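# Fold and contact review
The primary structure of each chain is shown beneath.
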Amino acid sequence: MLIRCPECRFERQIDENAIPANAAVATCPHCKCRFRFRNPDGTPVIDETPAAAPQTAPAGRPLPPDVEGDDPLPPGAMVPRIPGDHDASSPAPEAPETEPEKGQPEPPQNAAENRSDFWNNFQKKRNGESKGKGGIAAAMHAGGTDVPWEDKRCNPFMALYQTILRVMFNAPRFFAALPASNGKLTRPLVFYLILGLFQTLVERMWYLMSIQASGPSITDPKLQEVLGDMAQSMSLPLTILLTPGILAIQLCFFASVFYLMLRLVQPENVQFRTVFRVIAYSAAPTVVCIVPLVGPLVGSIWFGVCCFIGCKYSMRLPWSRTGLALGPLYLIAFAIGMQLIRQFLSMSA
């Protein structure tokens with residue numbers, strides 16, 4: 001029996017007695033195309049394509065096509081169209097195009113283009129196309145860039161929300177993708193200013209409420225005078241006006257100190273742009289300051305943890321070198337924090 005590949009025209013003459021009775025599909029050894037060479041009734045498939053120069057196996061390598069059983073063909077398999085043979089593996093005949101009747105709207109050309117990215121991602125997850133990715137991290141990283149805040153096509157509020165979630169709950173993956181992005185530093189700076197201003201206003205609100213609640217119980221006139229002066233100095237317009245400038249200076253200072261410490265340990269892989277963005281996006285956990293009393297403390301600790309993780313993964317540093325570079329900074333910050341807590345407790349006592 002002469003078996004010829006309909007794709008590359010490779011052909012081999014094979015003894016029909018050596019072919020199993022239930023075999024009907026062959027795999028071409030040249031182009032790996034799978035095709036049907038025998039009909040279900042046992043008759044050979046008639047090749048109706050135009051004749052071309054057949055390719056034969058080279059001398060010394062008489063490799064016939066792999067003959068397989070009559071199993072279902074995978075998607076994309078090349079199966080010759082045979083008149084009257086409409087089985088499951090052959091494509092169904094196309095329906096003739098018809099013009100829409102007058103008075104009826106024309107159907108959309110491509111309905112998938114009109115759907116949002118969120119709906120497409122939802123359909124993929126529902127159809128099982130996103131296997132291997134599960135949990136919160138998969139939902140947060142479904143489609144789009146790894147830094148939604150830097151994607152100008154996204155809604156600003158949704159991009160801010162998604163970026164905060166990714167930093168807080170999937171920091172290693174988020175910061176590992178930062179070197180691949182070549183965006184400007186304007187958007188990370190704006191991200192840091194928004195969260196810093198939010199934190200300042202929330203802490204101001206909680207502080208004023210605590211002063212009003214504890215005012216009648218304070219009997220020391222000097223302490224009452226100090227608290228009154230602090231409350232007057234924290235006017236809302238002045239806070240909104242001065243806070244962005246203070247936060248910008250603070251961010252540049254933190255980025256410069258981290259950059260210098262990291263350069264001492266790993267000078268070839270550290271870039272100021274990357275360190276700046278790590279510090280800016282690490283401010284995402286400060287949103288927990290909305291929780292009274294423990295919120296600012298938890299947000300500050302979480303901010304420090306994200307900075308450490310971000311420097312490690314964004315610059316591909318081992319944990320030992322990251323700790324060697326940033327360990328002294330965290331020890332100094334811990335000592336300053338303990339001193340402030342002692343002063344606060346002594347004043348309240």
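For clarity, every value in this text was computed on a predicted model and none was experimentally measured.

Below, the discussion takes up the overall build of the protein. Counting its secondary structure elements, the protein contains eleven helices and five strands. For the protein, long-range pairs separated by at least 24 residues make up 66% of all intrachain contacts whose partners lie at least 6 apart in sequence. For the protein, the accessible surface area stands at approximately 22500 Å², while carbon and sulfur atoms represent 62% of it.

Residues Phe175, Phe191, Phe258, Leu262, Val275 and Tyr281 are the most contacted members of the largest nonpolar core, which totals 40 residues. Of all the elements in the fold, those that place two or more residues in this core are helix 4 (156–169), helix 5 (171–176), helix 6 (186–214), helix 8 (236–265), helix 9 (272–281), helix 10 (295–314) and helix 11 (319–348). When residues no more than four places from it in sequence are discounted, the contact partners of Phe175 are Val167, Val278, Tyr281, Ser282, Cys306, Gly310, Tyr313 and Ser314. Judged by nonpolar contacts, the second largest core, of 13 residues, contains Phe10, Ala23, Ala26 and Phe37.

Glancing now at helix 10. Compared with the 28 Å implied by 1.5 Å per residue over 20 residues, the 27 Å span of helix 10 between its first and last C-alpha is a close match. All buried positions along helix 10 are accounted for by Gly295, Gly299, Phe303, Gly304, Cys306, Cys307, Ile309, Gly310, Cys311, Lys312 and Ser314. Following helix 10 by one or two positions, Arg316 adopts a phi angle in the positive range, close to 55 degrees.

Quick look at unusual backbone geometry now. At Leu293, a position not held by glycine, the phi torsion is positive, near 70 degrees. Mapped onto the fold, Leu293 is located in the loop between helix 9 and helix 10.

Moving on: the state of the cysteines. Using the criterion set out here, one finds zero disulfides in the structure. Left unpaired, Cys33 is separated from the closest cysteine sulfur, that of Cys5, by 4.5 Å.

Extensive coverage of strand 3 (residues 23–27) is indicated by the burial of five of its five residues. Bridge analysis of strand 3 against strand 4 (residues 34–36) gives three bridges, and the strand direction is antiparallel. Its bridge partner lying in strand 4, Val25 is registered against Arg36.

So, on to the confidence of the model for the protein. In the predicted model, the protein carries a mean pLDDT of 73, and the fraction of residues at 70 or more is 62%. Taken element by element, the protein is modelled with least confidence in helix 3 (residues 135–140), mean pLDDT 42, and with most confidence in helix 9, mean pLDDT 94. Confidence drops under a pLDDT of 50 for residues 69–98, and excluding neighbours within four residues, the segment shows 37 contacts in the predicted structure. A low-confidence stretch, residues 107–115 (pLDDT under 50), is modelled with four contacts involving residues beyond four sequence positions or located in other chains.

Right, let's get into the pattern of salt bridges. Scanning the model with the defined rule gives three salt bridges in all. Among the ionic pairs, Glu11 bridges to Arg4, the shortest N-O distance being 2.9 Å. Classification of Arg4 by relative accessible area gives partly exposed; the value is 30%. Across the pair Arg277 and Glu150 runs a salt bridge whose closest N-O atoms are separated by 2.6 Å. Remark: Glu150 occurs in the loop between helix 3 and helix 4 and Arg277 occurs in helix 9; sequence separation between them is 127 residues. Here Arg277 and Glu150 have matching classes, each one buried.

Glancing now at the packing of helix 8 against helix 9. Put simply, helix 8 and helix 9 touch, their axes get as near as 9 Å, and they point 125 degrees apart. Taken together, helix 8 and helix 9 sit at an angle that is classed as oblique. Remark: the crossing between helix 8 and helix 9 carries right-handed chirality. Contacts from Leu251, Cys252, Phe254, Ala255, Ser256, Phe258, Tyr259 and Leu262 of helix 8 reach helix 9 at Phe272, Val275, Phe276, Ile279 and Ala280. Along the lines of polarity and charge, the residues of the contact of helix 8 with helix 9 split into twelve nonpolar, one polar and no charged.

Moving on: the environment of Ile279. Within the secondary structure layout, Ile279 lies in helix 9. In this structure, Ile279 is in contact with Tyr192, Leu251, Phe254, Ala255, Phe258, Phe303 and Cys307, ignoring residues within four places of it in sequence.

Given two aromatic rings, one states the distance between the centres and the angle between the planes to describe the pair. Taken as a whole and judged by the stated rule, the model has twelve aromatic pairs. For the ring pair Phe308 and Tyr330, a centre distance of 6.0 Å and an interplane angle of 80 degrees mean the geometry is edge-to-face. Residue Phe308 is found in helix 10, and its partner Tyr330 is found in helix 11; the two are separated by 22 residues along the sequence. Members of the aromatic cluster, connected to one another through ring pairs, are Trp149, Phe174, Phe175, Phe191 and Tyr281. Here the basic side chain of Arg187 rests over the ring of Trp149, its NZ or CZ set 5.1 Å away from the ring centre. The ring centre of Tyr313 lies 4.7 Å from the NZ or CZ of Lys312, which sits over that ring.

Before going further, it helps to examine the packing of helix 9 against helix 10. Here helix 9 crosses helix 10 at 150 degrees, and the two axes come no closer than 9 Å. Overall, the two elements helix 9 and helix 10 adopt an arrangement that is roughly antiparallel. The two elements helix 9 and helix 10 cross, and the hand of that crossing is right-handed. Contact residues: Thr274, Val278 and Ile279 in helix 9; Phe303, Cys307, Gly310, Cys311 and Ser314 in helix 10. Classifying every residue of the contact of helix 9 with helix 10 by side-chain character gives five nonpolar, three polar and no charged.

Cut-offs applied
Residues numbered from 1 in each chain as written. Predicted model: local features only at pLDDT ≥ 70, side-chain atom pairs only at ≥ 80, totals over all residues. Heavy atoms only, no water. Helix = DSSP H or I, 4+ residues; strand = E, 2+ residues; numbered from the N terminus. Contact = heavy atoms within 4.5 Å. Areas by Shrake-Rupley, 256 points an atom, 1.4 Å probe, with all protein chains shown as cover. Core = buried A, V, L, I, M, F, W, Y, C linked by side-chain atoms within 4.5 Å. Buried < 20%, exposed > 50% of the residue type's maximum accessible area, 1.4 Å probe, protein only. Expected span 1.5 Å × (residues − 1). Disulfide = S-S within 2.5 Å. Pairing = 2+ DSSP bridges. pLDDT = per-residue confidence, 0-100. Salt bridge = Lys/Arg side-chain N within 4 Å of Asp/Glu carboxyl O. Axes fitted to C-alpha atoms, helices over the stretch in contact; angles between N-to-C directions. Parallel < 35°, antiparallel > 145°, perpendicular 65-115°, else oblique. Left-handed = near helix turned anticlockwise from the far one by under 90°. Nonpolar A, V, L, I, M, F, W, Y, C, P; charged D, E, K, R; others polar. Phe/Tyr/Trp six-rings, centres within 6.5 Å; stacked < 30°, edge-to-face > 60°. Lys NZ or Arg CZ within 6 Å of the ring centre and 35° of its normal.

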